[in-house]
Amino acid sequence: MATEKQDKEEEVKTDDGSPKIKPRPIVQLGIFLISHSPVFSVVFSAAGVMALLLLPLLAKNTYISENALMPGSARSMLSHRDVSDGSKLVNDVKNFRLNHEGQGVEVQRLIGNYMLDMGAEVSYQKFQPEGNHFHPLHFFSGPASFTNLGNVSCASYGVNVAGIIRAPRGDGKESIVLVTPYDFINGGDYEALSLGIASSLFSLLARVTWLSKDIIWLVADSRYGDYRPVAAWLTEYHTPSFEVSDLSKCDELNPSDSFRRAGTVAAALVVKVDGRSERFEDTLSIYAEASNGQMPNLDLINVVNYLAVHRQGFYVKVEKVVSLLSSSWLKTVGEIFEAVGKVARTLNPDWKFGIPAADYLEGSATLASSLYSQALGIPTGPHGAFRDYQVDAITLKVSPRFPPDNKGRQHEFFLRGAQLLEGTIRSVNNLLEKFHQSFFLYLLTSPGKFISVGVYMIAFALLVAPLPMVAASLYIDGCTTQNPAENLKSWKWLDAAKQVFALHLLGFIVTLLPYFICQVPGEQSPTNRSFIWAATSSSLLLITFVTVPGCSPFSSRLHGANWAVLKSVTISAAFIGLCLMSIINFATAEIGALLLVPMCLMVRPIKPDLRSRRVKSLLRALCSMVLVTNGFPVMFFAISKGLIGEGLVGLGLGGEFWTWLESLWAWKSATYLYIGMVHLPCWLLCLYILFHPS
């Protein structure tokens, strides 16, 4: 025993007698990962892409999390008299528009009179069209900060009509909003059918006794788009303005009709009838994406989907990328997963892995659409205005299977549509609190299947995991000196940090340039504005090379192994930017990681590879150039357009790209900031490393 104790004491001491500190397991693991970073970067990147391809297989069936909703538990109380009232309103609106074309707000008065006859409190709201102007100081402002067009005449304003039914069993503290956008000037026959559905339901709700939440029916004047009238009404509802508007001079409506309010909005449904269905059954399309990837509580979608499918017999769908349905490589991946699933079930019947290849194609196309719509950060319907006030809302677009002049089918269509809304409102009416039980972060692969945040975040984590390991490995290689003790004290990273900071500052300035370009007098086409933007940005880049010491690629200070330290700092900046973006909009970070991570990991100076003329080196240089080329924002925009079947080439590409960016900043999408302040600077740094004079 004494001998063993003496041996242990000798093992923990160094030659000079000082105790030897054994590194902790986590430190040893970190050293192991850093020393083998090339292998692990390939493994993690491949695993991240594989995790994305597996997402349609991992989708779960939707379910009702909140027991109080109880969809379909009560029998519908809608009568044929209610449906007849809705049909009468539609006929009166059509006839009035035919006989009184361009008669101001008379159609609004007609709808308001119908609401009054049902016992509702009616109010009219005037609003101005919104200007689409980029202002950097308003980017992070609230939803009430919109830009009005100047010199708006009385003939160009819009008028919303809102009717409120007070709940007989409520205290006026909560409400449910039903929105039907309608163009009072150029509205079509199909669009008028949405008024019939809402009027049938409103006629019922005006006489029921089970309501505990007030009901608001908003007929939004959609002559300036569906979103603007809803946003204007919500702004007045939540943040009333006491200033006298210029529209008060327009006295077509009774000025004594003050704006009326109900309680806090618990949920909202936007109903539109949008053209004839391509199928042999009535189709219901659900749109849920709001600004910056926000989604309503999944229970709201589940209630609508359950009632539409199992009670009313609608064919329910969500948007999908149609071009992926004919993708041969995606079909091959689906067939492989289907074969693997069959093998797994033969080994163990309890292993439910794999789905049919056709279902995999459908799920992938829907998943791609959901991911892309969330990444854009642009609302897919008027419901997005409610989400800005943290109200759960969705847009329901119904496509009937009959022409609009078919009176026989119209009655049945109104009945089924109103019963669907009745069941949904009855479920929301049962809630004693806001939606909170189900998911707010999810992706849809079908109306009845979803992927939760705990599943789809794995792919992002695997993609960005190699970045800190490779950054540490490159820093150690770039700062290696003859004296190992001085490696950690090296200041070689400071020059690289200056270059990275300078180019990120340039990205911030480039992000603000559209504001100044829009101030240029005269009408400029999107193509001309994109050229001005590109020329100004290139000039600023040259100025940065001249003014910042060591930032120019022609600087003599860049020769040697400094590119490794620069790449290390670049990868660190990309890692921080992607992680921050994942907090704001996870879908944007996911797509950004697919582009940025391979480019940052793979790029290296091509001059040594071209001089060596070995096959391995030439392939590495080719991969670096391809990744950097595809990582350019304009190039990726063209590729993405091609994937969804809208190929763009030539000079029109610049104009389309400007229009696309204009839509991003108009909707205050954080994706615009990511492109200008994270992706573009990192792409410039990768291009900088690619042509490094090593």
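Residues numbered from 1 in each chain as written. Predicted model: local features only at pLDDT ≥ 70, side-chain atom pairs only at ≥ 80, totals over all residues. Heavy atoms only, no water.

- With an unreviewed UniProt entry as reference, the chain is termed LisH domain-containing protein, source organism Brassica cretica.

1. Considering the sheet that holds strand β1 (residues 60–61)
Working step 1: Ordered in space as β1-β13-β12, the 3 strands form an open sheet in which the pairing is antiparallel. A strand with exactly one partner marks an edge of an open sheet, and here the two such strands are β1 and β12 (442–446).
Working step 2: Strand direction decides the pairing type here: β1 and strand β13 (residues 449–452), joined by 2 bridges, are antiparallel. Along β13, the bridge assignment pairs lysine 60 with phenylalanine 450. (Pairing = 2+ DSSP bridges. Helix = DSSP H or I, 4+ residues; strand = E, 2+ residues; numbered from the N terminus.)

2. Observations concerning the sheet that holds strand β9 (residues 283–287)
Working step 1: Pairing in this open sheet of 8 strands is mixed, and the strands run β2-β5-β7-β6-β8-β11-β9-β10 from one edge to the other. Across the chains shown, the open sheet's two edge strands, defined by having one partner strand only, are β2 (121–127) and β10 (315–317). Pairs of neighbouring strands in the sheet enclose a mean axial angle of 20 degrees, with direction left out of account.
Working step 2: Taken together, the 7 bridges between strand β8 (residues 264–273) and strand β11 (residues 392–399) define a ladder with parallel strand orientation. Counterpart to leucine 269 in the pairing with β11 is isoleucine 394.
Working step 3: Across the sheet, helix α8 (residues 298–310) is in contact with β8, β9, β10 and β11; its angle to β11 comes to roughly 25 degrees. (Axes fitted to C-alpha atoms, helices over the stretch in contact; angles between N-to-C directions. Contact = heavy atoms within 4.5 Å.)

3. A closer look at empty space enclosed by the protein
Any empty space left between atoms is shown by rolling a water-sized probe over those atoms.
Working step 1: Applying the stated criterion across every chain yields a total of 1 cavity of 30 Å³ or more.
Working step 2: If you add up the space inside the largest cavity, you get close to 40 Å³.
Working step 3: For the lining of the largest cavity, the secondary-structure elements that each account for two or more residues are β11 and α12 (407–430).
Working step 4: At 3 residues, α12 tops the list of elements feeding residues into the lining of the largest cavity.
Working step 5: Classifying every residue of the lining of the largest cavity gives 7 nonpolar, 1 polar and no charged. (1 Å grid on protein atoms, 1.4 Å probe; cavity = no way out; pocket = protein on both sides within 12 Å on 5 of 7 lines; lining within 4 Å. Points joined across faces, edges and corners; volume = space filled by probe spheres on them. Nonpolar A, V, L, I, M, F, W, Y, C, P; charged D, E, K, R; others polar.)

4. Observations regarding the nonpolar core
Working step 1: Of all hydrophobic cores here, the largest spans 79 residues; its most connected members are Trp533, Ile571, Leu578, Leu596, Trp660, Leu661 and Leu664.
Working step 2: Among the elements that take part in this core, helix α23 (residues 670–690) stands out by supplying 15 residues, more than any other. (Core = buried A, V, L, I, M, F, W, Y, C linked by side-chain atoms within 4.5 Å. Buried < 20%, exposed > 50% of the residue type's maximum accessible area, 1.4 Å probe, protein only.)

5. Let's talk about the UniProt feature "transmembrane region" (unreviewed entry) in the chain
Working step 1: The UniProt record marks residues 39–59, 453–476, 496–518, 530–549, 569–597, 618–639 and 671–691 with the feature "transmembrane region" (unreviewed entry), using the residue numbering of this structure.
Working step 2: With 96% helix and 0% strand, residues 453–476 has end C-alpha atoms that lie 35 Å from one another.
Working step 3: Spanning residues 618–639, this segment combines 95% helix with 0% strand, and its end C-alpha atoms are found 25 Å apart. (UniProt positions renumbered as here; feature names shortened; annotations may be inferred.)

6. Some words on the pairing of β12
Working step 1: Counting buried positions over the 5 residues of β12 gives 4, a clear majority of the element.
Working step 2: For β12 and β13, the ladder comprises 4 bridges, and the chain directions are antiparallel. Bridging from a neighbouring strand, serine 446 pairs with lysine 449 of β13.
Working step 3: In sequence, β12 turns back onto β13 through a hairpin of 2 residues.

7. What about the environment of arginine 529?
Working step 1: For arginine 529, the location among the structural elements is in helix α16 (residues 526–547).
Working step 2: Sequence separation between arginine 529 and tryptophan 658 is 129 residues, and the spatial gap between their C-alpha atoms is 7.4 Å.

8. What about the packing of aromatic side chains?
Working step 1: Enumeration over the complete set of coordinates arrives at 21 aromatic pairs.
Working step 2: Pairing phenylalanine 202 with tryptophan 217 gives two aromatic rings, centres 5.3 Å apart and planes at 55 degrees, and the pair type is tilted. Of this pair, phenylalanine 202 sits in helix α6 (residues 189–205) while tryptophan 217 is found in strand β7 (residues 214–221), placing the two residues 15 residues apart along the sequence.
Working step 3: Given the relative accessible area of 1%, phenylalanine 202 is considered buried.
Working step 4: Seen in terms of ring centroids, phenylalanine 657 and tryptophan 660 are 5.9 Å apart; in terms of plane orientation they differ by 35 degrees. Their pairing is tilted. Of this pair, phenylalanine 657 and tryptophan 660 both sit in helix α22 (residues 652–666), 3 residues apart, roughly one helical turn. Across this residue pair, the class does not change: phenylalanine 657 and tryptophan 660 are buried.
Working step 5: Joined through ring pairs, the aromatic side chains of Trp533, Trp658, Trp665 and Tyr672 make up one cluster.
Working step 6: Between arginine 416 and the ring centre of phenylalanine 314, over which it is positioned, the NZ or CZ distance is 4.6 Å.
Working step 7: Above the face of the tryptophan 210 ring, arginine 426 is positioned so that its terminal group lies 4.3 Å from the ring centre. (Phe/Tyr/Trp six-rings, centres within 6.5 Å; stacked < 30°, edge-to-face > 60°. Lys NZ or Arg CZ within 6 Å of the ring centre and 35° of its normal.)

9. Considerations on the environment of tryptophan 658
Working step 1: Among the structural elements, tryptophan 658 can be located in helix α22.
Working step 2: Expressed as a C-alpha distance, the spacing of tryptophan 658 and tryptophan 533, which sit 125 residues apart in the sequence, is 9.1 Å.
Working step 3: Setting aside chain neighbours within four positions, we find tryptophan 658 in contact with Pro514, Ile517, Cys518, Pro526, Arg529, Ser530, Trp533 and Trp665.

10. Observations concerning the pattern of salt bridges
Working step 1: Enumeration over the complete set of coordinates arrives at 18 salt bridges.
Working step 2: Ionic pairing is found between arginine 207 and aspartate 82, a salt bridge with its closest N-O pair at 2.5 Å. A residue pair is termed long-range when its members are at least 10 positions apart, and arginine 207 in the loop between α6 and β7 and aspartate 82 in helix α4 (residues 80–99) qualify at 125 residues.
Working step 3: Between arginine 620 and aspartate 609 there is a salt bridge whose closest N-O contact spans 2.7 Å. Pair noted here: arginine 620 is in helix α20 (residues 615–631) and aspartate 609 is in helix α19 (residues 606–612), with a separation of 11 residues, a long-range link.
Working step 4: For aspartate 609, a relative accessible area of 3% translates into the label buried.
Working step 5: Connected via shared salt-bridge partners are Glu121, Arg166, Asp214 and Arg260. (Salt bridge = Lys/Arg side-chain N within 4 Å of Asp/Glu carboxyl O.)

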